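Structural overview for review
Chain by chain, the residues:
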Amino acid sequence: MTAFATAECYALYDDVLPALHVLRAAHLRVGVLSNNDVRVHTVVHALGLRGCRAGISATDIRAPPMLDFVCCSYELGAAKPDREAFRRALYGRAALARTVYVGDDLHGDVLGARRAGLGARWLQRDVAHVHVASSDERGAELERVRRDAAAAAVPVDV
């Protein structure tokens, strides 16, 4: 299926780019760990995350990347929630104890990251039975993630 190798099947939430700008302004490294195959690289590029900055086209080579790395389970030989997926994704890139993983799947992302020794934040979006945060709450949570990462956070209880 070639459709899943393009941006046409995906969309960024409105708060993704502003959040990435805040994290990058704080000089934090940002990466993606996906339980996808190598097509994730094409999708990330097509969504403009490889070189997107306010006022600069995603295709402009002067634009710094919004992501430091993108890893997929296919390349790593391990998938979330296996702790090895997190460890292999960060190998040579960041210290486990100094990493805060933000994910939307409680089991695969948050608990998997915690088992691997990472700090973890659960991003809850547009689910009928889950509280959907206001923009003020999302901003406060983003500030907590930035602060946790800057302070070399330990795993966060959910």
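As a reminder, the structure under discussion sits directly above these lines.
Residues numbered from 1 in each chain as written. Predicted model: local features only at pLDDT ≥ 70, side-chain atom pairs only at ≥ 80, totals over all residues. Heavy atoms only, no water.

Quick look at helix α2 (residues 39-46)
For α2, the complete set of buried residues consists of V40, V43 and V44. Looking straight down α2, one finds that the buried residues subtend no more than 100° of arc, so they occupy a single side. Those residues of α2 that are buried are in contact with β1 (31-34) and β2 (69-72). (Buried < 20%, exposed > 50% of the residue type's maximum accessible area, 1.4 Å probe, protein only. Helix = DSSP H or I, 4+ residues; strand = E, 2+ residues; numbered from the N terminus. Arc of directions from axis to C-beta. Contact = heavy atoms within 4.5 Å.)

Things to note about the environment of C72
Within the secondary structure, C72 is located in strand β2. The class of C72 is buried, set by a relative accessible area of 0%. A C-alpha to C-alpha distance of 8.1 Å links C72 and V32, two positions 40 residues apart in sequence. Residues contacting C72, with those up to four places away along its chain left out, are S34, N36, D37, V38 and V40.

So, the pattern of salt bridges
For the coordinates displayed, the defined rule picks out seven salt bridges. Between R39 and D37 there is a salt bridge, with the nearest N and O atoms lying 2.9 Å from each other. You can call R39 partly exposed: its relative accessible area is 27%. Given a relative accessible area of 24%, D37 falls into the partly exposed group. Each of R24, R29 and D68 takes part in a single network of salt bridges with overlapping partners. (Salt bridge = Lys/Arg side-chain N within 4 Å of Asp/Glu carboxyl O.)

Digging into the pairing of strand β3 (residues 100-103)
As judged from the four bridges shared by β3 and strand β4 (residues 119-122), these two strands associate in the parallel manner. In the sheet register, V102 faces β4, and the bridge partner there is R121. Remark: the β3/helix α5 (residues 106-115)/β4 crossover connection has right-handed handedness. (Pairing = 2+ DSSP bridges. Right-handed = clockwise from strand over helix to strand, strands pointing away.)

Digging into the packing of aromatic side chains
Following the criterion strictly, the structure yields one aromatic pair and no others. For the ring pair F86 and Y101, a centre distance of 5.1 Å and an interplane angle of 85° mean the geometry is edge-to-face. Remark: Y101 occurs in strand β3 and F86 occurs in helix α4 (residues 83-90); sequence separation between them is 15 residues. Exposure remark for F86: the relative accessible area of 1% places this residue in the buried category. Positioned above the aromatic ring of Y13 is the side chain of R125, whose terminal nitrogen or guanidinium carbon lies 3.8 Å from the ring centre. (Phe/Tyr/Trp six-rings, centres within 6.5 Å; stacked < 30°, edge-to-face > 60°. Lys NZ or Arg CZ within 6 Å of the ring centre and 35° of its normal.)

A look at the packing of α4 against α5
Contact geometry for α4 and α5: axes closest at 8 Å, N-to-C directions at 75°. With respect to α5, the element α4 is oriented roughly perpendicular. Side by side, α4 and α5 meet where R83, F86 and R87 of the first sit next to G108, D109, G112, A113 and R115 of the second. Within the contact of α4 with α5, the residues separate by chemical class into two nonpolar, two polar and four charged. (Axes fitted to C-alpha atoms, helices over the stretch in contact; angles between N-to-C directions. Parallel < 35°, antiparallel > 145°, perpendicular 65-115°, else oblique. Nonpolar A, V, L, I, M, F, W, Y, C, P; charged D, E, K, R; others polar.)

Keep in mind these numbers describe shape, not what the thing actually does.
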